[in-house]
Amino acid sequence: MKIGILGATGYTGHELIRILRGHSEAEIVYLGSSGSAGQKIADIYPGLNEIVDNNLESDQEVPEEIEVLFCALPHGITAGRAEKYLDRQIKVIDLGADFRLKDKNIYEAWYKTSHASPHLLAEAVYGIPELNRAEIAGKRLIANPGCYPTATQLALVPLLKDKLLKSDSIIVDAKSGVSGAGRGTNLGVHFSEVNENFKAYGVATHRHTPEIEQELSKAAGEDILINFTPHLVPMTRGILTTIYASAAEGVEEGDLLQSWQTVYADEQFVHQMPGGEWPQTKYAYGSNHVFMQLKLDKRTGRVILVAALDNLVKGASGQAVQNMNILFGLPEETGLKTNGMWP
Ligand SMILES: NC(=O)C1=CN([C@@H]2O[C@H](COP(=O)(O)OP(=O)(O)OC[C@H]3O[C@@H](n4cnc5c(N)ncnc54)[C@H](OP(=O)(O)O)[C@@H]3O)[C@@H](O)[C@H]2O)C=CC1
Ligand SMILES: CC(=O)N[C@@H](CCC(=O)OP(=O)(O)O)C(=O)O
């Protein structure tokens, strides 16, 4: 497959390059850049020197031969360009949020900008393969989910589908490494502000809230609202999400575990941890794997669910490659077989 990447100089762009170099069917033929065209990618990331010799090209001139284009761009840019790529039979995988929300008004309210191609929203497929593999196959426009939403939905969707939770009781307490904010600098990710520090942000206002609610509502068959509180942790990669929800009447811990088991037993990237073990971000570091555990606290009737993944892999570029593999009928694990780094 001939592959192009827009936003190649960003963190998810670099992660796409890293993963696709280990992909037996992928050939990166185009790295598009708005700010660094004419340079080599190794000028930006000297660690790639003598490993990847692609030049960065203008992001306005996607070559004819491209079959799949990863758009690893800030929100709002892909929406204005996707149609021209689709018209050329290029499959588009958007790592940003432009096509994740189905309702243009909700997008515009949370992203505080108008949507450039609302007519494509219905066609775009929200791509978490473990939850909607059949919808992804054969499509041409994939909305690759956000990192917090991936972890949260993998934990909650089976339980909501099986009506095992009180749907008005969900609290998502999530923590992310700093690479989740991308490579562009701002004061909030400055070393001195992040190191030896731990803070909540986007409280009751984070744009992943409607994305998670949309997909949980679909699973539950009813409107769901959540409390979602993200936190920034002084580490480079990783998402750990801790979710609290009341169990439905009469539900036992075994019912909850069975629900996960039914959906994930044959999945190669989603792992229910052995009893007594709890997820750690480092289990997933650098890999497309997700680790999950749950417990029903019988004293309170609340279920506590924990999921850990790497925001740049299963939370972004790894999942994007997994989606590409499905689009092209390849084994889903192609290019993604590696386990996490330890320690
Ligand atoms: N970081 C993460 O963990 C995750 C990120 N995402 C999403 O993936 C997308 C890419 O994220 P990430 O790689 O972290 O972001 P970065 O900020 O690291 O990189 C984005 C890249 O986009 C390019 N770009 C093009 N136009 C613009 C513009 N107007 N302003 C700024 N950059 C521009 C830049 O490359 P150039 O100058 O070469 O064009 C830049 O390097 C975003 O939509 C993000 O929300 C999703 C899940 C997780
Ligand atoms: C730590 C950090 O800043 N994380 C990012 C989320 C990254 C992500 O998932 O990106 P999308 O914007 O594509 O959904 C944030 O909270 O904005």
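Residues numbered from 1 in each chain as written. Chains lettered and ligands numbered in written order. Predicted model: local features only at pLDDT ≥ 70, side-chain atom pairs only at ≥ 80, totals over all residues. Heavy atoms only, no water.

The name that an unreviewed UniProt entry assigns to the protein is N-acetyl-gamma-glutamyl-phosphate reductase, with the source organism given as Syntrophobotulus glycolicus.

## What about the domain arrangement of the protein?
Domains assigned within the protein are domain 1 (2-145 + 314-327) and domain 2 (148-311). The C-alpha-based centres of domain 1 and domain 2 are spaced at 24 Å. On the domain 2 side, the residues contacting the 26 residues of domain 1 number 33 residues. Taken together, the two surfaces of domain 1 and domain 2 that pack against each other cover about 2,300 Å², and 53% of this comes from carbon and sulfur. Broken down residue by residue, the surface that domain 1 buries against domain 2 is led by Trp110, Leu131 and Lys314, which jointly contribute 28%. Summed over the shared surface of domain 1 and domain 2, the result is three salt bridges. (Domains from an automatic or database assignment. Contact = heavy atoms within 4.5 Å. Buried area = accessible area lost by both parts, 1.4 Å probe. Salt bridge = Lys/Arg side-chain N within 4 Å of Asp/Glu carboxyl O.)

## Let's talk about helix H6 (residues 147-161)
Between its first and last C-alpha atoms H6 spans 21 Å; for 15 residues at 1.5 Å apiece the expected length is 21 Å, and the two agree. Remark: the principal bend of H6, roughly 40 degrees, maps to Gln153. Across the 15 residues that make up H6, a large majority, 14, are buried. Residue Lys163 follows H6 closely and has a positive phi angle near 60 degrees. (Helix = DSSP H or I, 4+ residues; strand = E, 2+ residues; numbered from the N terminus. Expected span 1.5 Å × (residues − 1). Bend = angle between axes of the 7 residues up to and from the residue. Buried < 20%, exposed > 50% of the residue type's maximum accessible area, 1.4 Å probe, protein only.)

## So, the site of ligand 2
The environment of ligand 2 is formed by 15 residues, the closest being Arg100, Tyr201, His206, Arg207 and His208. With respect to ligand 2, the side chain of Arg100 contributes an N or O atom lying 2.7 Å from an oxygen atom. Here an oxygen atom of ligand 2 and a side-chain polar atom of His206 are 2.7 Å apart. Here ligand 2, which alone exposes 430 Å², has 85% of that area covered by the protein. The cavity that encloses ligand 2 is the largest pocket. Split into classes, the residues belonging to the shell around ligand 2 amount to six nonpolar, seven polar and two charged. Residue contributions to the shell around ligand 2 reach at least three from each of two domains, namely domain 1 (2-145 + 314-327) and domain 2 (148-311). (Near = heavy atom within 4 Å. Polar contact = N/O pair within 3.5 Å; in protein donor to acceptor, adjacent residues only side chain to side chain. Areas by Shrake-Rupley, 256 points an atom, 1.4 Å probe, with all protein chains shown as cover. 1 Å grid on protein atoms, 1.4 Å probe; cavity = no way out; pocket = protein on both sides within 12 Å on 5 of 7 lines; lining within 4 Å. Sits in = over half its atoms within 2 Å of the grid points. Nonpolar A, V, L, I, M, F, W, Y, C, P; charged D, E, K, R; others polar.)

## Quick notes on unusual backbone geometry
The amide bond that connects Trp342 to the next residue, Pro343, takes the cis arrangement and shows omega of -5 degrees. With respect to the helices, strands and loops of the structure, Pro343 is situated in the segment after helix H11 (313-327). Phi at Gln89 is positive, roughly 65 degrees, even though this residue is not glycine. With respect to the secondary-structure elements, Gln89 resides in the loop between helix H3 (82-87) and strand E5 (91-94).

## Let's talk about the UniProt feature "domain: Semialdehyde dehydrogenase NAD-binding" (unreviewed entry) in the protein
In the numbering used here, UniProt assigns the feature "domain: Semialdehyde dehydrogenase NAD-binding" (unreviewed entry) to residues 2-139. For residues 2-139, the end-to-end C-alpha separation is 17 Å, with 26% helix and 18% strand making up the annotated structure. (UniProt positions renumbered as here; feature names shortened; annotations may be inferred.)

## Describing the packing of H6 against helix H9 (residues 253-264)
The relative placement of two packed helices comes down to the angle between their axes together with the axis-to-axis distance. Where H6 contacts H9, the axes come no closer than 9 Å and their chain directions differ by 110 degrees. The orientation of H6 with respect to H9, classified from their angle, is roughly perpendicular. Residues Gln153, Leu154, Ala155, Pro158 and Leu159 of H6 form the contact with H9, whose participating residues are Leu256, Ser259, Trp260, Val263 and Tyr264. Grouping the amino acids of the contact of H6 with H9 by side-chain chemistry returns eight nonpolar, two polar and no charged. (Axes fitted to C-alpha atoms, helices over the stretch in contact; angles between N-to-C directions. Parallel < 35°, antiparallel > 145°, perpendicular 65-115°, else oblique.)

## As for the sheet that holds strand E13 (residues 290-297)
Read across the sheet, seven strands follow the order E9-E10-E8-E11-E14-E13-E12 without closing on themselves; strand pairing throughout is mixed. At either margin of the open sheet sits one strand with a lone partner, and together these are strand E9 (199-200) and strand E12 (270-272). Sitting on the sheet, H6 touches strand E8 (171-176), strand E10 (227-232), strand E11 (239-246), E12, E13 and strand E14 (302-309), and the angle it makes with E11 is about 35 degrees. (Pairing = 2+ DSSP bridges.)

## Re the site of ligand 1
The immediate surroundings of ligand 1 are formed by 26 residues, with Thr9, Ser33, Ser34, Leu73 and Arg183 found nearest. In the model, an oxygen atom of ligand 1 is placed 2.9 Å from a nitrogen or oxygen of the Tyr11 main chain. Ser33 is positioned with one of its side-chain polar atoms (N or O) 2.4 Å from an oxygen atom of ligand 1. Burial of ligand 1 by the surrounding chains reaches 77%, relative to a free accessible area of 880 Å². Here ligand 1 is seated within the largest pocket. Listed by contribution, the elements that provide at least two residues to the shell around ligand 1 are helix H1 (11-20) and H11. Class assignment for the residues of the shell around ligand 1 results in nine nonpolar, 15 polar and two charged.

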